[in-house]
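Each chain is listed here by its residues.
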Amino acid sequence: MDFWQQHGWLFLFGCAFFPRITTLFFSAATFGFWHILGWLFAPHLLVAILATTYYWDTNPVLVILSWAFAFGGTSGEATVANKGVRRTQG
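Sequence order sets the numbering: in each chain, residues are counted from 1 along the sequence as written. Side-chain atom pairs in this predicted model are given and counted only at pLDDT of 80 or more, local residue features only at pLDDT of at least 70, and totals for whole chains, interfaces and linings cover all residues. To obtain the side-chain values, all non-hydrogen atoms of the structure were used and water was disregarded.

**Examining the side chain of Asn59**
Next, step 1: Only DSSP runs of H or I with at least four residues qualify as helices, and only runs of E with at least two residues qualify as strands; both kinds are numbered from the N terminus onward. Within the element layout of this structure, Asn59 appears in the loop between α5 (43–55) and α6 (60–89).
Next, step 2: Contacts are assigned to residue pairs with any non-hydrogen atoms lying within 4.5 Å of each other. Asn59 has contacts with Asp2, Phe3 and Trp4, leaving out every residue within four places of it along the chain.

**Looking at the packing of helix α3 (residues 19–26) against helix α4 (residues 33–41)**
Next, step 1: Comment: axis = line fitted to C-alpha atoms, over the contacting stretch for helices; angle = value between 0 and 180 degrees taken between N-to-C directions. Close contact between α3 and α4 brings their axes to 9 Å; oriented N to C, the two are set at 150 degrees. When you trace α3 past α4, the crossing you get is left-handed. Along its contact with α3, which presents Arg20, Thr23 and Leu24, the element α4 presents Trp39, Leu40 and Phe41.
Next, step 2: Each residue gets one label: Ala, Val, Leu, Ile, Met, Phe, Trp, Tyr, Cys and Pro are nonpolar, Asp, Glu, Lys and Arg are charged, and the others, such as Gly, are polar. The residue makeup of the contact of α3 with α4, split by class, is four nonpolar, one polar and one charged. Crossing handedness is defined as follows: a turn of the near helix away from the far one that is anticlockwise and smaller than a right angle gives a left-handed crossing, while the clockwise case is right-handed.

**Some words on the side chain of Ser66**
Next, step 1: With respect to the helices, strands and loops of the structure, Ser66 is situated in helix α6.
Next, step 2: For the purposes of these results, a polar contact is taken to be a pair of N or O atoms within 3.5 Å, where, inside protein, one atom must be able to donate a hydrogen and its partner to accept one; residues adjacent in sequence count only when each atom of the pair is a side-chain atom. A polar contact of 2.6 Å, which involves the side chain of Ser66, links it to the backbone oxygen of Val63.

**Quick notes on the packing of aromatic side chains**
Next, step 1: Centres within 6.5 Å make a pair out of two Phe, Tyr or Trp rings, where for Trp the six-membered ring is used; the pair is then stacked when the planes are under 30 degrees apart, edge-to-face when over 60, and tilted otherwise. Per the counting criterion, the structure on display carries four aromatic pairs.
Next, step 2: Plain terms: the ring middles of Phe13 and Phe17 are 4.8 Å apart, the flat faces sit at 45 degrees to each other, and that makes the pair tilted. Here Phe13 pairs with Phe17, and both are found in helix α2 (residues 9–17), just four residues apart, close to one helical turn.
Next, step 3: The buried label goes to any residue with under 20% of its type's maximum accessible area, the exposed label to any with over 50%, and the partly exposed label to all in between, with areas taken from a 1.4 Å probe on protein chains only. A residue is classified by how much of its surface remains accessible, and Phe13, at 44% relative accessible area, is partly exposed.
Next, step 4: Residue Phe17 is classed as partly exposed on the basis of its relative accessible area, which comes to 46%.

**A short note on a nonpolar patch on the surface**
Next, step 1: Taken together, the side chains of Phe13, Phe17, Phe18, Ile21, Leu24, Phe25, Phe26 and Phe69 present a nonpolar region at the surface, about 860 Å² in accessible area.
Next, step 2: At the level of secondary structure, the elements contributing two or more residues to the nonpolar patch comprise α2 and α3.
Next, step 3: At four residues, α3 tops the list of elements feeding residues into the nonpolar patch.
Next, step 4: Here Ile21 lies in helix α3. Patch construction takes residues with relative accessible area above 30% that form no salt bridge. Like charges are linked within 9 Å, and nonpolar side chains (Val, Leu, Ile, Met, Phe, Trp, Tyr) are linked within 5 Å. Residue-level accessible areas treat just the shown protein chains as cover; the underlying method is Shrake-Rupley with a 1.4 Å probe. Any Lys or Arg side-chain nitrogen located within 4 Å of an Asp or Glu carboxyl oxygen qualifies as a salt bridge.

**Regarding the nonpolar core**
Next, step 1: Within the largest apolar cluster, eight residues are counted, these being Phe3, Phe11, Cys15, Val47, Ala51, Tyr55, Leu62 and Val63.
Next, step 2: Of all the elements in the fold, those that place two or more residues in this core are α2, α5 and α6.
Next, step 3: Looking at this core, the element that brings in the most residues is α5, giving three residues.
Next, step 4: Setting aside residues up to four positions removed in sequence, Ala51 forms contacts with Trp56, Val63 and Ser66. Residues belong to one nonpolar core when they are buried, are Ala, Val, Leu, Ile, Met, Phe, Trp, Tyr or Cys, and are joined through side-chain atoms within 4.5 Å.

So, in structure tokens, the structure goes:
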């Protein structure tokens with residue numbers, strides 16, 4: 001199964017920048033226990049794991065980019081959140 005046969009640029013943008021909303025409304029994956037935990041605590045990591053599972057054989061570049069967003073997006077969000085907390089307290 002190829003990513004581009006199933007999804008388009010808008011879905012890719014949503015998974016990269018709004019993973020919780022995108023996976024909640026537009027994902028065909030079933031919500032099991034691990035999926036819910038990933039969705040709550042590490043949505044970028046969930047997207048990377050799902051991308052690896054479904055698209056590694058046909059789109060390895062997209063999978064590698066999803067892992068880059070998983071590590072960069074999560075740490076970037078934490079950095080921005082910490083700056084916002086310091087600004088409001090000090």
